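# What the coordinates show
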Amino acid sequence: MDDPYQNNINQQGETYPTYGGGEYTYPYQADYPPQEEEDAASDVTEGHDEDEQMYEGEYQGIPQPDEIKEARRAARREARMKARMAAEVEEETLPGQYESIMEDCGHGRFQWTLFTVLGLARMADGVECFVVSFALPSAEKDMCLSNADKGMLGLIVYVGMMIGAVLWGSLADKLGRRQCLLYALAINCIFSFLSCFAQGYGIFIFLRLCSGIGIGGSVPIVYTYFAEFLQMDKRGEHLSWLCLFWMLGGLYASFTAWGIIPHYGWGFSMGTEFQFHSWRVFVLVCFLPSVAALAGLVFMPESPRFLLETARHDEAWMILKQVHDTNWRAKGEPERVFHVSQIKTPQTQDDEFIEIQSETGTAFQRFMVRHMTLVKQVMKNMLSLAAPDLRLHGLFIAIVWFTMAFSYYGLGAWFPDQIKYLQFEEYESNVKIFHREKVERRTIAGTKCGVWEDFFEKMFINIEIRNVKFEESLFENCYFEDIRSTDTFFENCTLKNTVFYNTDLWEDSKFINCKLENTTFLHPKKGCHLNFQEENDILIYLVSFLGSLSVLPGNILACLLMDKIGRLKIIGGSMLGSAGCTFFVFLCFSQWAVVLFHCLFFAASAAAWNGIEVITVELYPASKRATAFGVLNGTCKLAAIISTFTFGKFIGITKIIPIILSLSALVCGGLLAFKLPETREVILQ
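Residues numbered from 1 in each chain as written. Predicted model: local features only at pLDDT ≥ 70, side-chain atom pairs only at ≥ 80, totals over all residues. Heavy atoms only, no water.

As recorded by an unreviewed UniProt entry, the chain carries the name Synaptic vesicle glycoprotein 2Ba and is attributed to Cyprinus carpio. Regarding the chain, the UniProt comment filed under Sequence similarities (unreviewed entry) reads as follows: "Belongs to the major facilitator superfamily." Here the chain is described in UniProt, under the heading Subcellular location (unreviewed entry), as follows: "Cytoplasmic vesicle, Secretory vesicle, Synaptic vesicle membrane". (UniProt positions renumbered as here; feature names shortened; annotations may be inferred.)

### Points about the overall build of the chain
Each helix and strand counted, the chain has 22 helices and 20 strands in total. Every one of the 685 residues in the chain was classed for burial, and the buried ones make up 47%. Considering only contacts within the chain whose residues lie at least 6 apart along the sequence, 68% involve residues at least 24 apart. When the accessible surface of the chain is summed, it comes to about 33,100 Å², and 59% of that surface belongs to carbon and sulfur atoms. (Helix = DSSP H or I, 4+ residues; strand = E, 2+ residues; numbered from the N terminus. Buried < 20%, exposed > 50% of the residue type's maximum accessible area, 1.4 Å probe, protein only. Contact = heavy atoms within 4.5 Å. Areas by Shrake-Rupley, 256 points an atom, 1.4 Å probe, with all protein chains shown as cover.)

### Details of the pattern of salt bridges
Enumeration over the complete set of coordinates arrives at 13 salt bridges. With a closest N to O distance of 2.9 Å, Glu 128 and Arg 208 form a salt bridge. Taken together, the positions of Glu 128 in helix α3 (residues 109-142) and Arg 208 in helix α6 (residues 201-216) put the pair 80 residues apart, joining distant regions of the chain. (Salt bridge = Lys/Arg side-chain N within 4 Å of Asp/Glu carboxyl O.)

### A look at unusual backbone geometry
Phi at Asp 482 takes a positive value of approximately 55 degrees, unusual for a residue other than glycine. Judged by relative accessible area, which is 24%, Asp 482 ranks as partly exposed. You will see that Asn 492, though not glycine, has its phi angle at about 55 degrees, which is positive. Within the fold, Asn 492 resides in the loop between β15 (489-491) and β16 (494-496).

### Focus on a nonpolar patch on the surface
On the surface, Ile 190, Phe 193, Leu 194 and Phe 197 cluster together into a nonpolar patch covering about 330 Å² of accessible area. You can see Phe 197 is positioned in the loop between α5 (177-195) and α6. By relative accessible area, Phe 197 is classed as partly exposed at 32%. (Patch = residues over 30% accessible without salt bridge, like charges linked within 9 Å, V, L, I, M, F, W, Y side chains within 5 Å.)

### What about empty space enclosed by the protein?
On inspection of all chains with the given rule, the structure shows 4 cavities of 30 Å³ or more. Looking at the largest cavity, its volume works out to about 220 Å³. Lining of the largest cavity is provided by 18 residues; of these, Arg 122, Trp 246, Tyr 408, Trp 609 and Glu 613 occupy positions nearest its centre. Broken down by secondary-structure element, the contributors of at least two residues to the lining of the largest cavity are α3, α9 (244-260), α15 (388-430), α18 (551-565), α20 (591-619) and α21 (625-648). (1 Å grid on protein atoms, 1.4 Å probe; cavity = no way out; pocket = protein on both sides within 12 Å on 5 of 7 lines; lining within 4 Å. Points joined across faces, edges and corners; volume = space filled by probe spheres on them.)

### Structural notes on the environment of Gly 214
Of note, Gly 214 is situated in helix α6. According to the relative accessible area criterion, Gly 214 is buried, its value standing at 0%. Between the alpha carbons of Gly 214 and Leu 182 there is a distance of 9.7 Å; along the sequence they are 32 residues apart. If we ignore the near neighbours within four places in the chain, the residues touching Gly 214 are Trp 168, Ala 184, Ile 187 and Asn 188.

### A few points about the side chain of Asp 173
Take Asp 173: it is sitting in helix α4 (residues 147-175). We classify Asp 173 as buried; its relative accessible area is 7%. One polar contact links Asp 173 to Arg 177, side chain to side chain, over a distance of 2.7 Å. For Asp 173, the residues in contact, after removing those within four places along its chain, are Phe 306, Asn 381, Ala 622, Ser 623, Lys 624, Arg 625, Ala 626 and Thr 627. (Polar contact = N/O pair within 3.5 Å; in protein donor to acceptor, adjacent residues only side chain to side chain.)

### Quick notes on the packing of aromatic side chains
Given two aromatic rings, their pairing is described by the distance between the two centres and the angle made by the two planes. Applying the stated criterion to the full structure yields 31 aromatic pairs. Ring centres of Phe 500 and Phe 511 lie 5.5 Å apart, and the angle between their planes is 75 degrees; this geometry places the pair in the edge-to-face category. You can see Phe 500 sitting in strand β17 (residues 499-501) and its partner Phe 511 sitting in strand β18 (residues 511-512), a full 11 residues away along the chain. Across this residue pair, the class does not change: Phe 500 and Phe 511 are buried. Among the aromatic side chains, those forming a connected cluster through ring pairs are Phe 130, Tyr 158, Tyr 223, Trp 246, Trp 401, Tyr 408, Tyr 409, Phe 601, Phe 602, Trp 609 and Phe 629. One residue, Lys 331, lies across the ring of Trp 328, its end atom 4.6 Å from the ring centre. (Phe/Tyr/Trp six-rings, centres within 6.5 Å; stacked < 30°, edge-to-face > 60°. Lys NZ or Arg CZ within 6 Å of the ring centre and 35° of its normal.)

### Describing the nonpolar core
In terms of nonpolar packing, the biggest core is built from 150 residues, with Leu 118, Phe 282, Leu 297 and Tyr 408 touching the most fellow members. It is α3 that provides the largest number of residues to this core, a total of 17 residues. Aside from chain neighbours lying at most four places away, what touches Tyr 408 is Trp 246, Val 551, Phe 601, Phe 602, Ser 605 and Trp 609. Listed in part, the 15 residues of the second largest apolar core include Phe 480, Ile 483, Phe 500 and Leu 505. (Core = buried A, V, L, I, M, F, W, Y, C linked by side-chain atoms within 4.5 Å.)

### Digging into the side chain of Glu 228
Within the secondary structure, Glu 228 sits in the loop between α7 (218-227) and α8 (232-242). Side chain to side chain, Glu 228 and Arg 177 meet in a polar contact 2.7 Å long. Leaving out residues up to four positions away in the same chain, Glu 228 has contacts with Tyr 98, Met 102, Arg 177, Ser 303, Arg 305, Phe 306, Ala 622 and Arg 625.

### Here's the deal with the environment of Ser 590
Following the sequence through the fold, Ser 590 ends up in the loop between α19 (567-583) and α20. For the pair Ser 590 and Gln 423, spaced 167 residues apart in the sequence, the C-alpha separation amounts to 9.3 Å.

### Examining α6
A rise of 1.5 Å per residue sets the reference length of α6, with its 16 residues, at 22 Å; its end C-alpha atoms lie 22 Å apart and thus fit the reference within 8%. When you tally the buried positions in α6, you get 12 out of 16 residues, the bulk of the element. Among the residues making up α6, those that are buried are Tyr 201, Phe 204, Ile 205, Leu 207, Arg 208, Leu 209, Cys 210, Ser 211, Gly 212, Gly 214, Ile 215 and Gly 216. (Expected span 1.5 Å × (residues − 1).)

### Some thoughts on the packing of α19 against α20
Where α19 meets α20, the axes come as close as 8 Å, and the angle between the chain directions of the two elements is 155 degrees. When the axis of α19 is compared with that of α20, the two are roughly antiparallel. The two elements α19 and α20 meet at a crossing, and its hand is left-handed. Here the residues of the contact of α19 with α20 sort into 15 nonpolar, 6 polar and 2 charged. (Axes fitted to C-alpha atoms, helices over the stretch in contact; angles between N-to-C directions. Parallel < 35°, antiparallel > 145°, perpendicular 65-115°, else oblique. Left-handed = near helix turned anticlockwise from the far one by under 90°. Nonpolar A, V, L, I, M, F, W, Y, C, P; charged D, E, K, R; others polar.)

### Here's the deal with the confidence of the model for the chain
In the predicted model, the chain carries a mean pLDDT of 76, and 75% of its residues have values of at least 70. In the model, residues 349-358 has pLDDT below 50 throughout and makes 17 contacts with residues more than four positions away in sequence or in other chains. (pLDDT = per-residue confidence, 0-100.)

### Details of helix α11 (residues 288-297)
Every buried residue belonging to α11 is among Pro 289, Ser 290, Ala 293, Gly 296 and Leu 297, and all of these are buried. Down the axis of α11, the sector holding all buried residues measures 130 degrees, keeping them to one side. (Arc of directions from axis to C-beta.)

### So, the environment of Val 131
Relative to the assigned elements, Val 131 resides in helix α3. Separated by 153 residues in sequence, Val 131 and Leu 284 place their C-alpha atoms 10.0 Å apart. Leaving out residues up to four positions away in the same chain, Val 131 has contacts with Arg 208, Phe 282, Val 283 and Cys 286.

Below you can see the structure in the form of structure tokens.
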């Protein structure tokens, strides 16, 4: 029998000890060199009973081949597990540490200062939603707008806000919250100011579009920016308080419109080509909140969370220290020291930004490469919202945004239009139509005539005619001078030997199927002329004022309960309550009944808006937060455009379809809201 421990000689002449017997022998070295193939060796004990035979290799503590393989596999499994755990710990380190830092900084003067500045930006957004609707009745006369033009002017603001929300929200995740908000507010201020002086419809609508693009970025950036300075237990409540400024914007717009627009003398004109009437003064006043927000934002720092996400931890540390020192000095404890010496930074992916040296290429080439790279980054970040871990919840919250906005903005525009329609019906019941009348040989001067009682006149001098319709009447040897008219028409009439001097009774627009014989129009007035007693009904301003004020109870309730009962109950309960208010609109048959349910609907829906905006901030990680908010807010404005246009088509036809559509949308959105994850006790990722 061969010696089982004989020495084998390799090709280089070196010897290795072997163990085993027969044809199965294995070289052994103290450092156990790795085998090239794990299954190349076999067990020397194969086919033997371990209880009957003990090998000397086992006795000497020499590991068996299968044991070596299993040990290596276990080591690899353990290494992979440690790597995964290390990655998870690294990923969770920054959010957890940042939350601890914000708790150490406390909530105080710094947050309240930032709250005021961002609140003014939120207020400017609220004003922008109302400014065109208040100015439109006067602007349509000043610029001679048709019904189609009026509809486009009402929708163009929402189009601009939709574009601005997506644009500035996406850029805020790449360029910074503060920087993008500064750009957005500056654009809003510039174009709002210029729109006050625009005389033509085309340039006016373009300027309001650009103004909307500017202010549209305020909502996604404001909430993202403010949330990153709040600790978890303060976040829901204080983000809800921020919503109050939208209500203040509505109150500011309605109050100033009520106080300014009816005063026709608050303006000036330069000939007949340039007119600056009181509604333009109102538009000018409405951009003041945006100016105030812009001025305050100049003194505010960038979000430290954004700086950490972009690996600018030194700047982030300085800002966090500023927050800490500002708050504790205000609380009378200036001796407290900011103990954070090092802040974890996330392992972010390369942003693919191409840094071009100043001597490389032309300035235009460097500009184009940098900005095309930025566009690619923004598009990539937007597409990442459809990632598997965000896709389902993103779809749910988008549907909630859309259904809530569809009902809120649609009914918000429908209620005032319905009131106007009821007023028109009441007016129609009192209209006096003159049929087959003859006008001759009498004079009335300096009289305002709404409903004519005595029609037999030969001369009409310095008269204001409102809401008069002449049908199949005969005017012979008549003279009209210095006439101002509102909604006054001649239909199927005959005019003989009649002179119109310095009037706004135009041959092309005021005379429908009329027969004009030897009729002369001399020095016709240019432009459309205003009648504030008719166009600026106090009830319309009052409705908007009450509607804005009615959201106060819902806002306060949401602020107090947001961190107590959770976001989902706030959203779902508010949307279902709004659906109930919508159902009872079927019972509205008078102007004041519409006003009542208009206020109830706004009060019930206010809490839902608070919850939706809070949960949107908390659902997404910091690198995608503003982008996601911008896309969702753009979805909201798209719903506003669709519902405003759709509901307007049914004014005077039926109120059933708008109510059914709003009711269905609110119920579906309210029930779906309960499928969202609760974020009340979740650290911002």
